[in-house]
Amino acid sequence: MSSELSLNINIKEPRWDQSTFVGRAKHFFTVTDPRNILLSNDKLEHAKQIVHDYRNGIVQPGLSEDELWRAKYVYDSAFHPDTGEKMILIGRMSAQVPMNMTITGCMMTFYRTTPAVIFWQWINQSFNAIVNYTNRSGDAPITGSQLGTAYVSATTGAVATALGLNALTKHVSPLIGRFVPFAAVAAANCINIPLMRQRELKYGIPVTDENGNRIGESANAAKQAITQVVVSRILMAAPGMAIPPFIMNSLEKKAFLKRFPWMNAPIQVGLVGFCLVFATPLCCALFPQKSLMSVSRLEPELQAQIKENSPGLERVYFNKGL
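Rules used in this analysis
- Residues numbered from 1 in each chain as written.
- Predicted model: local features only at pLDDT ≥ 70, side-chain atom pairs only at ≥ 80, totals over all residues.
- Heavy atoms only, no water.
- Salt bridge = Lys/Arg side-chain N within 4 Å of Asp/Glu carboxyl O.
- Buried < 20%, exposed > 50% of the residue type's maximum accessible area, 1.4 Å probe, protein only.
- Helix = DSSP H or I, 4+ residues; strand = E, 2+ residues; numbered from the N terminus.
- Core = buried A, V, L, I, M, F, W, Y, C linked by side-chain atoms within 4.5 Å.
- Contact = heavy atoms within 4.5 Å.
- Phe/Tyr/Trp six-rings, centres within 6.5 Å; stacked < 30°, edge-to-face > 60°.
- Pairing = 2+ DSSP bridges.
- Polar contact = N/O pair within 3.5 Å; in protein donor to acceptor, adjacent residues only side chain to side chain.
- Axes fitted to C-alpha atoms, helices over the stretch in contact; angles between N-to-C directions.
- Left-handed = near helix turned anticlockwise from the far one by under 90°.
- Nonpolar A, V, L, I, M, F, W, Y, C, P; charged D, E, K, R; others polar.

**Looking at the pattern of salt bridges**
This model, assessed by the stated rule, comprises 6 salt bridges. Arg35 is the salt-bridge partner of Asp33, the closest N and O atoms lying 2.7 Å from each other. In this structure Asp33 comes out as buried when scored by relative accessible area, which is 13%. Note that Lys86 and Glu45 form a salt bridge whose closest N and O atoms lie 3.4 Å from each other. Here Glu45 lies in helix α2 (residues 41-55) and Lys86 lies in the loop between α3 (65-78) and α4 (96-109), a separation of 41 residues in the sequence. The partly exposed category is assigned to Lys86, whose relative accessible area is 34%. For Glu45, a relative accessible area of 37% gives the class partly exposed.

What follows is the structure in structure tokens.
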């Protein structure tokens, strides 16, 4: 039975062509599938065993190609690609939609008072800190002090931005005030992600040749990776924080919400969730996960090392993180 499934399937790479946006989008619709967070540890470990066995040339009896790919994506949804460790549940990409729709929806519902702004920005940055740490690139550990600095800085920046913008928008249209949470989230992403991944900026992330052979570590590659992630995260938040304000501003003038004001938060959370179901995978797909960089853009010492050990190599690859 084991001979039924070819051993030539490359499960080190995604199932779809990652050189195209459509291929990457299909990949991330699978990676961010919220149903994966409901899988038990036994199912995760079973998927891990299937993947590890296949990589070692062992095919479990009766295993089909679709089942192999399903196991690969279940495995990828729960285990870090560089360290192999099981990721924190709420930090996994499959938890992005349910977690973000709840937090974002509440941020956009309860934005008028200072205590509410502080509380929900704090919750959001706490969640972002977990996500950024869980999906960091590379296999080097990050210290407790680095985590603390990133967390405090991002939270302070987000709260300060939100409170400052709230103060400026008190005398303008209520619709404009609804966009304050998005401005705060965008500012916080620019702070949180680089700080949470500051070790990568200092020491670099692993770079490889096209066959996956590790060549060294590059801080320049880390800068490109982090920039791509910041852009993706801001654009990921944009639809869910830009479209619902117009809808809610209109609905609040209708009789339904005036009669049932408690429905404000559930409706807003639902609208944000609908946007995130599409925005999350599509924005993750903006840049290839396995990004590339010309050798000429690497640090001089790494260029010299490559010239000596891998002459003729023109570009390197790295995992940009999420």
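Further notes follow.
**Quick notes on the nonpolar core**
Among soluble globular proteins, nonpolar side chains are generally buried collectively. By size, the foremost hydrophobic cluster in this structure holds 28 residues, and its most contacted members are Leu5, Ile9, Ile11, Tyr54 and Leu68. Among the elements that take part in this core, α3 stands out by supplying 7 residues, more than any other. Tyr54 has contacts with Leu5, Ser6, Leu7, Asn8, Ile9, Ile11, Val59 and Leu68, leaving out every residue within four places of it along the chain.

**What about the side chain of Gln228?**
Tracing the backbone through its elements, the reader meets Gln228 in helix α10 (residues 219-251). The exposure class assigned to Gln228 is buried, which follows from its relative accessible area of 11%. When sequence neighbours within four positions are dropped, the list of residues in contact with Gln228 reads Phe287, Ser291 and Lys320.

**Focus: the packing of aromatic side chains**
What the rule picks out here adds up to 5 aromatic pairs. Arranged with centres 5.9 Å apart and planes meeting at 35°, the rings of Trp16 and Tyr73 form a pair that is tilted. Linking Trp16 in the segment before α1 (21-31) with Tyr73 in helix α3, this pair joins segments that are 57 residues apart in sequence. Exposure remark for Trp16: the relative accessible area of 27% places this residue in the partly exposed category. Ring centres 5.5 Å apart and planes at 70° place the aromatic pair Phe274 and Phe278 in the edge-to-face group.

**Details of the pairing of strand β2 (residues 214-218)**
Of the pairings in the sheet, the one linking strand β1 (residues 205-208) to β2 comprises 4 bridges and is antiparallel in character. Within β2, the position partnered with Ile205 by the bridge is Ser218. Hairpin connection from β1 to β2: 5 residues lie between these consecutive antiparallel strands, with Gly212 at a positive phi of about 85°.

**Some remarks on the side chain of Asn319**
You can see Asn319 is positioned in strand β4 (residues 315-319). In terms of polar contacts, Asn319 uses its side chain to reach the side chain of Gln289, at 2.5 Å.

**Re the packing of helix α5 (residues 114-134) against helix α8 (residues 180-196)**
At a closest axis distance of 10 Å, the pairing of α5 and α8 adopts a crossing angle of 35°. Note that α5 runs across α8; the crossing there is right-handed. Contacts between α5 and α8 involve Gln121, Asn124, Gln125, Asn128, Ala129, Asn132 and Tyr133 from the first element and Pro181, Ala184, Val185, Ala188, Asn189, Asn192, Ile193 and Met196 from the second. Here the contact of α5 with α8 is composed, by residue class, of 8 nonpolar, 7 polar and no charged.

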